[in-house]
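Spelled out from the first residue to the last, the chains are:
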Amino acid sequence: MSQISRRQAIAILGALGFGATAAACAGPGGTTAPGGATGPAAPATGAVTGKVSFAHWRGEDKAVFDELIKRFAALHDGVEVVQDISTSNDYNAQGLQKVRGAAIGDAFATFRGAQFKNFTEAGIYAELKGSKAAANYQPGLLTAGQSGQNQLGLPYQVVFPMPMANADLFDKAGAEIAPKDWDGFLAMCEKLAASGVIPISWPGGDVGNGGQLFNCMIANNAPVDDMCAQIEQGKLKCTDDWFLKMLGQYKELVPYLQPNATGTAVEPAQNLFSQGKAAMLATGSYHLAAVRGLGAKFPIELVFPNTSDGSGKFEGAYNATFILGVNSASKNQAASAAWIDFLSEPENAGYYANQTAQHVAVNNVEYTNADLKRLSPWLDKKTALAARFQFQNLDVRNAVEASATAVISGTSPEQAAEAAQKIVDERL
Amino acid sequence: MSTHTNMAAKRKATDSRTETDAAKGRRRSPTRVNPALYLFPLPAVAIIAFFLVMPTLQAFQYAITDWNGFSATFNYVGLDNFVRAFTKDSLFTNALTNNLKFVLMVVIAQTAFSLVLALLLTKNSRGSILLRALFFFPTILSSVSVAFIWKFIYDPNFGLANAVLGGVGLEALQGSYLGNNSQALYWVAVTQVWFHAGQMMVVYIAGLQAIPRELYEAAEMDGAGRWQQFKSITWPFVAPATSIVVAYTTVQSFKAFDLILGIAGNPPKQSLDILSTRIYSTFANSEFGYAAAQSIIFMAMIALVTWLQRRLLRLTPKGE
């Protein structure tokens, strides 16, 4: 065997390094997803068999989905559905990179708003317009899964991002559970405080959950329904009067929140509510199962902090999310589409809803869960689609919502609004 | 005797090989080795090239684009991303300021605290060994566990800190901790020091135990007090250990990503946003080009701060 010198070895390693450099210089970007160039196509048809990866972030729903998977597999020989679950934070941050290319996520879910938009732009969704599944949904709720003329996703869950109320504490305090205007809401809080409980438990230390109250506070204050989209586009400003009025109303809530509310994480806020120390939990109906799990036995209602003088357009707020889709890059689109069809059947959607205590957007579902039954009238009320998910830029969303937290921690509405607007302006 | 014989035999064999090479007309380089030896580092080199060098080089390329992370197309934007970071992005400059403050607090507190602990626990007595293990314990915990433990401690409603203060009649000192924007970073710094001081203590103990006892005995005979002994013997001898502690703590504090996300949630609020969490938020916001530029600034910042520390503190003796 011939021998080589150190210099030759260095030359070889240098060549390798040069190769690595050249490889690194391959530009970013990549192949366009199948739907990207020509527009989305319907999922391929074929035999319902093989493995389907279902990517989502609802770890708490795993057992319920496992049962549904078992039922699905019983209908189709040779099909296997596996759940690829990430935490909601990870899924929000990295979901697109994980699902793109369909290494996982033959079928998947997305959050409404920025994530749905990014998935749409990346051409990941197959077209579900006219599909068997889409026909099962309430038409008004399907809009959250539309892009232009395409029905790309099916928003599975309907949640109410409004404060949950302990009806027993309201009765005891003699407080009206459905205030008609802002003065009524404050009077209600005053009665609750006078009865010796914390009126509102608010997780101000948790950006995601603390921000849900924003959906209610902005709904009747804004001059238009797409107010957050317009803030992001620079058409409306955080320094506008209506926005300042909303921040002023946040300031009026301070005496009714638990002490040090801006440092409270979501779990302690849930505990205050479930232990009967707080009359309301200002997150949303998606925490029903969690507070029941913490031992809450009292009847739960929803309260809309109506910021208007009684002439407000909306009676509440809702969100249609967990937007189901079929991956356009999936090698097993037939089985993936069949899985989405299966989930969208009223019987299966009902099972999911009742087991997870979440309303669904599917028609003709029978709610047997006591909490869902009690809150079902909200499905028919005039509620505003949760505004915070109109933001496409997460930095803008966080900055705008942070203005409310800043006011609660003592900053003046004007200063908080200016600070938020500065960040919005930087991203216009 | 036998060793001498072996060496002579080896020398003879080497001489005869050299003569054979000379006879064949070629001179054997002392650096020539069997080429098979060069294959051994290749797997490591390949792994480093693929997982470290290439992504780093790619980051430089991405940093001059407006790539969103998923599009097939992108534009080259020159140095715009770097200009934006420093002049048009108050979230980035806020994260940078927070990070520098955090590094400063943690480096000073952790270095001082770990040195004091090491000085108190240098002796190998049973009590010292037990306490060392106790102080080292947080180091073996995962950062997510540490974050959750301290999140509970700092909770204003059910947390240990307020409960203890309330229990001893100091309700006036109860606070919001992480909820107070002007204090939140300090409380996370306390957590970081608790988390890693034990590890740095071990580095210092190793340095302290290497100092010859005779020096202290001689100093005592000369009438030197405790402080003089520390100043003239201990500190110069632990300078290399300090250098390691400071450099490691700096890098650790810049990269306190998981601790911050665990304790403050994702995304963290502005008062707890540091460079690594900001970069993550930018990636999550589908601004890959801009996030890559931020990553390069981040790398440069760590290198610069570490270099400045070594220069300014003069912790490394000349020639090392």
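Criteria and cut-off values
Here, residues in each chain are numbered from 1, in the same order as that chain's written sequence. The naming scheme follows written order: chains are lettered A onward, ligands numbered 1 onward. Reporting of local features is limited, given that this is a predicted model, to residues whose pLDDT is at least 70; pairs of side-chain atoms are given and counted only at 80 or more, and all residues count toward the totals for whole chains, interfaces and linings. Where helices and strands are cited, they refer to DSSP runs of H or I of at least four residues and of E of at least two residues respectively, numbered from the N terminus. Within these notes, the globule rule equals 2.2 Å times the number of residues to the 0.38 power, and the radius of gyration is based on C-alpha atoms. The burial criterion counts other C-beta atoms lying within 10 Å of a residue's C-beta, which is placed from the backbone; the residue is buried at 20 or more, exposed at 12 or fewer, and partly exposed between these limits. Contact between two residues is assigned when their C-beta atoms, built from the backbone, lie within 7 Å. In this count, Pro and Cys sit with the nonpolar residues alongside Ala, Val, Leu, Ile, Met, Phe, Trp and Tyr, while Asp, Glu, Lys and Arg are called charged and the others, Gly among them, polar. Connectivity within a nonpolar core runs through C-beta atoms within 7 Å, and the core itself is a set of buried Ala, Val, Leu, Ile, Met, Phe, Trp, Tyr and Cys residues. Start and end points for every domain follow an automatic or database-based domain assignment. One requirement defines pairing of two strands: DSSP has to find at least two bridges between them. pLDDT is a per-residue confidence score from the predictor, ranging from 0 to 100. What counts as an axis is a line fitted to C-alpha atoms, over the stretch in contact for a helix, and the angles between N-to-C directions run from 0 to 180 degrees.

Any chance you could break down the overall build of chain A for me, citing the residues and the numbers?
Counting secondary structure elements, chain A contains 19 helices and 13 strands. Scaling as 2.2 N^0.38, a compact globule of 428 residues should have a C-alpha radius of gyration of about 22 Å, and chain A matches this with 25 Å. Here chain A holds 428 residues, and 54% of them are scored as buried. Taking the contacts inside chain A whose residues are at least 6 apart along the sequence as the reference set, 75% of them involve residues at least 24 apart.

Give me the interface of chain B and chain A: which residues, what numbers.
If you look at the interface, chain B gives 52 residues, while chain A gives 52 residues. Here the side of chain B that touches chain A gets 8 residues from one element, more than from any other, and that element is helix α2 (residues 42–62) of chain B. Residue composition of the side of chain B that touches chain A, by class: 24 nonpolar, 22 polar and 6 charged.

Outline unusual backbone geometry, supporting the account with residue identities and numerical values.
With omega at 0°, the peptide bond leading from N266 of chain B into P267 of chain B counts as cis. Secondary-structure assignment places P267 of chain B in the loop between α12 (257–264) and α13 (275–284). The phi dihedral of N260 of chain A is positive, around 55°, even though this residue is not glycine. Tracing the chain through its elements places N260 of chain A in the loop between α12 (241–253) and α13 (266–274). Judged by the 23 C-beta atoms lying within 10 Å of it, N260 of chain A is buried.

Outline the nonpolar core, listing residues and values.
Ranked by size, the top nonpolar core spans 197 residues in total, and within it I200 and W339 of chain A carry the most contacts. For this core, the element with the highest residue contribution is helix α8 (residues 184–209) of chain B, accounting for 12 residues. Taken domain by domain, the makeup of this core includes at least three residues from each of domain 1 (45–158 + 320–380) and domain 2 (164–318 + 382–426) of chain A. Contact partners of I200 of chain A, with chain neighbours within four places excluded, come to P163, C189, L253, Y256, L257, A278, M280 and A282 of chain A.

Give me the pairing of strand β6 (residues 154–159) of chain A: which residues, what numbers.
Residue and element names in this part refer to chain A. Of all 6 residues in β6, 6 are buried, a share of seventy percent or more. Bridging between β6 and strand β11 (residues 316–326) involves 5 bridges; their strand directions are antiparallel. Its bridge partner lying in β11, V158 is registered against A320. In terms of strand pairing, β6 meets strand β12 (residues 359–360) through 2 bridges, oriented antiparallel. Along β12, the bridge assignment pairs Q157 with V360.

Just give me the short version of the environment of F113 of chain B, but keep the residues and values in it.
Inspection of the secondary structure puts F113 of chain B in helix α4 (residues 90–120). With near-sequence residues (within four places) excluded, F113 of chain B lies in contact with V193 and A197 of chain B.

Tell me what's going on with the environment of A187 of chain A, and back it up with residues and numbers.
All names here are of chain A. One can find A187 in helix α8 (residues 182–194). By the C-beta count within 10 Å, which is 14 here, A187 ends up partly exposed. Here the alpha-carbon distance between A187 and W202, two residues 15 residues apart in the chain, equals 18 Å.

Can you lay out the environment of P43 of chain A for me, pointing to particular residues and giving the numbers?
Residue and element names in this part refer to chain A. Assignment of secondary structure puts P43 in the loop between α2 (34–38) and β1 (50–56). Note on P43: 25 C-beta atoms within 10 Å, which makes it buried. Considering only alpha carbons, one finds P43 and A114, 71 residues apart in sequence, at a separation of 24 Å. Sequence-distant contacts of P43, defined by excluding residues within four places in its chain, comprise A126, V326, Q333, A334, S336 and A337.

Account for the confidence of the model for chain B, naming residues and giving values.
Across chain B, the average pLDDT comes to 88, with 88% of residues at or above 70. This complex was scored by the predictor with a pTM of 0.84 and an ipTM of 0.84.

I'd like a description of the domain arrangement of chain A, backed by residues and values.
Residue and element names in this part refer to chain A. Segmenting chain A into domains produces domain 1 (45–158 + 320–380) and domain 2 (164–318 + 382–426). Distance from the C-alpha centre of domain 1 to the C-alpha centre of domain 2: 29 Å. Taken together, the contacts link 13 residues of domain 1 with 15 residues of domain 2. Elements represented by at least two residues in the side of domain 1 that touches domain 2 include exactly α5 (114–121) and α17 (370–375). With 3 residues, the top contributor of residues to the side of domain 1 that touches domain 2 is α17. Residues that form the side of domain 1 that touches domain 2 fall into these classes: 6 nonpolar, 3 polar and 4 charged.

Explain helix α16 (residues 346–356) of chain A to me, and be specific about the residues and the numbers.
Residues and elements named next belong to chain A. Along α16, the positions that sit buried rather than exposed are N348, A349, Y352, A353, N354 and T356. As for α16, its buried residues are in contact with α3 (62–75), α14 (288–293), α15 (333–343), β12 and α17. The positive-phi residue at the C-terminal boundary of α16 is A357, with phi of around 55°.

How would you sum up the sheet that holds strand β10 (residues 300–302) of chain A? Please name residues and give values.
Residue and element names in this part refer to chain A. One open sheet accounts for 4 strands, arranged β8-β9-β7-β10; its pairing is mixed. Two strands close off the open sheet at either side, each with one partner strand: β8 (198–201) and β10. With direction set aside, neighbouring strand axes in the sheet form an average angle of 30°. As paired elements, strand β7 (residues 164–166) and strand β9 (residues 278–281) share 2 bridges and run antiparallel to each other. Bridge pairing links A165 to M280 in β9.

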